[in-house]
Amino acid sequence: MISEERFKTIIANFDKIKPIMVVGDVGVDKYTFGDVSRISPEAPVPVLNVSKEWMKLGLAANVSDNLSSLNVASTLCGVIGEDSNATIFENLLEEINVKTWGVIRDPSRMTTFKERVVTEVQQICRVDYESNHTIDEDTYKRMEDRFLEFRDQHSAIILEDYGKGFVDERVCSYLTTHCNELNIELAVDPSRTTPPQWYRGAHLLKPNRLESNLMAQALGYNEKDIETIAKLLIDKLELKKI
């Protein structure tokens, strides 16, 4: 385990890190909070008395938000729609001083928007507004243009794949190829639904335990030991770290 002293040393140096480019699926998380004291007479469902609502950046945009809180600058590259939630998304970015230059608008998509209805003790439901179809060629080319424009200003790239259609095989191949050629660190947070081969050549892969098991199975292995799976993924996907 990392020592407390080492952890504090790392944290203290965050503001010296050059900007990081965050690429991936983006969206808005809305929380509707209240308490439940009765069941609706219209249907056997709870009635929420709302006391507060708030919105925050979600998916890959949450990573930029976290980096900002750690005094690390970032540029976000993702795709949103041409709708009212897109405006909310851009306003939330501006509130944390993350530029919207890398955000691509696509009128064929909805801006991913997830609303969670919650109380102190439970989540009652979640309502999702999203498009999951793969990005078209025009959007992909615009992503390439953003990368070429911003790459020299960034020390590393974080690829956040939530399986919403922005991260496809073209995007993965393009980023791994260019990052290896330019010696730019590429860290990948994978989706459990994406073929693991798409991430081959990344410098760092960060799956959770379930994603690790699914990736090993997709590669034809039924290993259960987490260290064995880690070594397997490093070998088969030509990774530097996991």
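Note: the structure precedes this text.
Fair warning: this is a prediction, and the values are worked out from it, not measured in the lab. (Residues numbered from 1 in each chain as written. Predicted model: local features only at pLDDT ≥ 70, side-chain atom pairs only at ≥ 80, totals over all residues. Heavy atoms only, no water.)

**Q** Which parts of the structure should I look at to understand the sheet that holds strand 7 (residues 123-129)?
**A** Adjacent strands of a sheet pair through backbone hydrogen bonds, lying either parallel or antiparallel. The strand order 3-2-6-7 describes an open sheet built from four strands, whose pairing is mixed. Edge positions in the sheet fall to strand 3 (46-59) and strand 7, since each of these pairs with one other strand and no more. The mean angle between the axes of side-by-side strands here comes to 15 degrees, regardless of whether they run parallel or antiparallel. Here strand 2 (residues 26-39) runs beside strand 6 (residues 112-118); their pairing, made up of seven bridges, is parallel. In the sheet register, Thr-32 faces strand 6, and the bridge partner there is Val-117. Seen against the sheet, helix 2 (residues 60-69) touches strand 2 and strand 3 and runs at an angle of roughly 75 degrees to strand 3. (Pairing = 2+ DSSP bridges. Helix = DSSP H or I, 4+ residues; strand = E, 2+ residues; numbered from the N terminus. Axes fitted to C-alpha atoms, helices over the stretch in contact; angles between N-to-C directions. Contact = heavy atoms within 4.5 Å.)

**Q** Please clarify how the side chain of Lys-30 should be interpreted in this entry.
**A** You can see Lys-30 is positioned in strand 2. Residue Lys-30 is classed as buried on the basis of its relative accessible area of 17%. Side chain to side chain, Lys-30 and Glu-53 meet in a polar contact 3.3 Å long. For Lys-30, the contacting residues outside a window of four places in its chain are Glu-53, Trp-54, Met-55, Phe-113, Lys-114, Glu-115 and Arg-116. (Buried < 20%, exposed > 50% of the residue type's maximum accessible area, 1.4 Å probe, protein only. Polar contact = N/O pair within 3.5 Å; in protein donor to acceptor, adjacent residues only side chain to side chain.)

**Q** Any chance you could explain a nonpolar patch on the surface here in plain terms?
**A** On the surface, a cluster of nonpolar side chains totalling about 350 Å² of accessible area is made up of Ile-2, Phe-7, Ile-11 and Leu-70. Under the relative-accessibility criterion, Ile-2 is labelled exposed at 51%. (Patch = residues over 30% accessible without salt bridge, like charges linked within 9 Å, V, L, I, M, F, W, Y side chains within 5 Å. Areas by Shrake-Rupley, 256 points an atom, 1.4 Å probe, with all protein chains shown as cover. Salt bridge = Lys/Arg side-chain N within 4 Å of Asp/Glu carboxyl O.)

**Q** Can you help me understand the nonpolar core in this one?
**A** Most often, soluble globular proteins have nonpolar side chains that are buried together. Membership of the largest hydrophobic core comes to 33 residues, with the highest contact counts inside it found for Val-23, Met-143, Ile-157, Leu-159, Phe-166, Leu-175 and Leu-186. Of all the secondary structure elements, the ones that give two or more residues to this core are strand 1 (20-24), strand 4 (74-80), helix 4 (137-150), strand 8 (156-160), helix 5 (169-182), strand 9 (185-189), helix 6 (209-218) and helix 7 (226-236). Top contributing element to this core by residue count: helix 5, with five residues. Look past the residues within four positions of Met-143 in its chain and what remains in contact with it is Cys-77, Ile-104, Phe-166, Val-171 and Tyr-174. Ranked by size, the runner-up nonpolar core spans 23 residues in total, among them Leu-57, Val-72, Leu-76 and Ile-158. (Core = buried A, V, L, I, M, F, W, Y, C linked by side-chain atoms within 4.5 Å.)

**Q** Sorry, what's going on with the sheet that holds strand 10 (residues 204-205) here?
**A** Pairing within the open sheet is parallel, and its six strands lie in the order 5-4-1-8-9-10. The sheet is open, and its two edges are formed by strand 5 (103-105) and strand 10, each paired on a single side. Summarising the sheet, strand 4 and strand 5 pair through three bridges and their orientation is parallel. Looking at strand 5, one finds that Gly-78 is bridged to Val-103.

**Q** How should I be thinking about helix 5 in this particular structure?
**A** Given 3.6 residues per turn, any residue in an α-helix points the same way as the ones three and four places further on. The end-to-end C-alpha distance of helix 5 is 20 Å, a good match for the 20 Å that 14 residues give at a rise of 1.5 Å each. When we look at burial in helix 5, the residues that qualify are Val-171, Cys-172, Tyr-174, Leu-175, Thr-176, His-178 and Cys-179. Where helix 5 is buried, its residues meet strand 1, helix 4, strand 8 and strand 9. Just downstream of helix 5 lies Asn-183, where phi reads positive at about 60 degrees. (Expected span 1.5 Å × (residues − 1).)

**Q** Looking at this structure, I do not really get the pattern of salt bridges. What am I missing?
**A** Where charged atoms from two side chains of opposite charge come close, those side chains can pair. A full pass over the atoms with the stated rule returns 18 salt bridges. Arg-116 is the partner of Asp-29 in a salt bridge, and the nearest nitrogen-oxygen pair spans 3.1 Å. Placement of Asp-29 in strand 2 and of Arg-116 in strand 6 is noted, with a sequence separation of 87 residues between them. Since its relative accessible area comes to 10%, Asp-29 is described here as buried. For the salt bridge of Glu-90 with Arg-105, the shortest nitrogen-to-oxygen distance reads 3.0 Å. Separated by 15 residues along the polypeptide, Glu-90 in helix 3 (residues 84-95) and Arg-105 in strand 5 bring together distant segments of the chain. Summarising the burial analysis for this pair, Glu-90 and Arg-105 share the class buried. Linked through salt bridges whose partners overlap, the residues forming this network are Lys-114, Arg-126, Asp-128, Glu-130 and Lys-164.

Read these as spatial facts, not as claims about activity.
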